[in-house]
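Observations on the model geometry
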Amino acid sequence: MLCPYCGHDDSKVLETRDSEDGSVIRRRRECISCQQRFTTFERLEEVHLWVIKKDGSRQRFDVQKVLSGMLRACEKRPVSTELLEETAQAIERDLRQSSGSREFPTILIGEKVMERLKEIDEVAYVRFASVYREFKDINTFLQEIQDLLTREQNHRI
Ligand SMILES: [Zn+2]
């Protein structure tokens, strides 16, 4: 279980809890290396989800990777780790409940993360989006920020 903060692969378990339906074990862990605390969700009946990458290769879906991406985007932002953990889990739940498919293109997962980050923290959203969409040019990036500001203004009215 890699630490989402520093990538160290050893952690100690502080607390273990079953989810309500018993299908997921939730473990509160502390990284041996950086002492950051994080939560892992381990499935008892593991039905693997797969991610189809841009080059067509398949990779196991890993909720920890989703979480790491969001943690990076939210660095120094007033967003709690707990909220991001819940969000990452909610994204996985979404995927599991959608369409009965077990394979998802990376772009779809990225869009789901962006959708949720947009609600949580706009700076984190733009950070994530700029990395994720690999903005081809500055105009695309500016357009994205413009859209964001427009939405923000509409929000206030
Ligand atoms: Zn660590």
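See above for the structure.
None of the values given here were measured: they were computed from a predicted structure.

1. Let's talk about the pairing of strand 2 (residues 24-31)
Inspection of the sheet shows strand 1 (residues 11-18) paired to strand 2 by seven bridges, in the antiparallel sense. Across the sheet, residue valine 13 finds its bridge partner in strand 2, namely arginine 29. Note that strand 2 and strand 3 (residues 37-43) share seven bridges and pair antiparallel. If you follow glutamate 30 over to strand 3, its bridge partner there is arginine 37. A loop of five residues connects strand 2 with strand 3, the two strands running antiparallel in sequence, and glutamine 35 in this loop sits at a positive phi of about 65 degrees.

2. Observations concerning helix 4 (residues 122-132)
When helix 4 is considered as a whole, its buried residues turn out to be Ala124, Tyr125, Phe128 and Ala129. Buried residues along helix 4 cover an arc of 130 degrees about the axis, so they all sit on one side. Phi turns positive, to about 45 degrees, at glutamate 134, one or two residues after helix 4.

3. Some words on the sheet that holds strand 5 (residues 58-60)
Overall, mixed pairing links the three strands, which are arranged 5-4-6 in an open sheet. Strands with a single pairing partner mark the edges of an open sheet, and in this sheet they are strand 5 and strand 6 (103-105). Taking each pair of neighbouring strands and ignoring which way they run, the sheet shows an average axis angle of 35 degrees. The pairing of strand 4 (residues 50-52) with strand 6 spans three bridges and is classified as parallel. Bridge pairing links isoleucine 52 to proline 105 in strand 6. Docked against the sheet, helix 3 (residues 106-120) engages strand 4 and strand 6, running at close to 75 degrees with respect to strand 6.

4. Observations regarding the nonpolar core
Core analysis: the biggest nonpolar cluster contains 16 residues, and Val66, Met70, Val113, Leu117 and Phe128 have the highest contact counts within it. At the level of elements, helix 1 (63-73), helix 2 (81-97), helix 3 and helix 4 are the ones that each hand at least two residues to this core. In this view, valine 113 contacts Val66, Gly69, Met70, Ile91 and Phe128; residues no more than four positions away in its chain are not counted.

Conventions we followed
- Residue indices follow the written sequence of each chain, beginning from 1 at its first position.
- Thresholds applied to this predicted model are a pLDDT of at least 70 for local features of residues and 80 or more for the giving and counting of side-chain atom pairs; totals over whole chains, interfaces and linings are not thresholded and use all residues.
- DSSP calls a pair of strands paired once it identifies at least 2 bridges connecting them.
- The way it works is that DSSP assigns letters per residue, a run of H or I at least four long becomes a helix, a run of E at least two long becomes a strand, and they are numbered from the N terminus.
- Exposed residues have 12 or fewer other C-beta atoms within 10 Å of their own C-beta, buried residues have 20 or more, and residues in between are partly exposed; the C-beta atoms are placed from the backbone.
- The directions considered for the arc are those from the helix axis to the C-beta atoms.
- Angular values range over 0 to 180 degrees, each being the angle between N-to-C directions of two axes fitted as lines to C-alpha atoms, with helices fitted over their stretch in contact.
- Placing C-beta atoms from the backbone, we regard two residues as in contact once those atoms come within 7 Å.
- For the purposes of this analysis, a nonpolar core is taken to be any set of buried Ala, Val, Leu, Ile, Met, Phe, Trp, Tyr and Cys residues that are connected through C-beta atoms within 7 Å.

Purely geometric stuff here, so don't read any function into it on its own.
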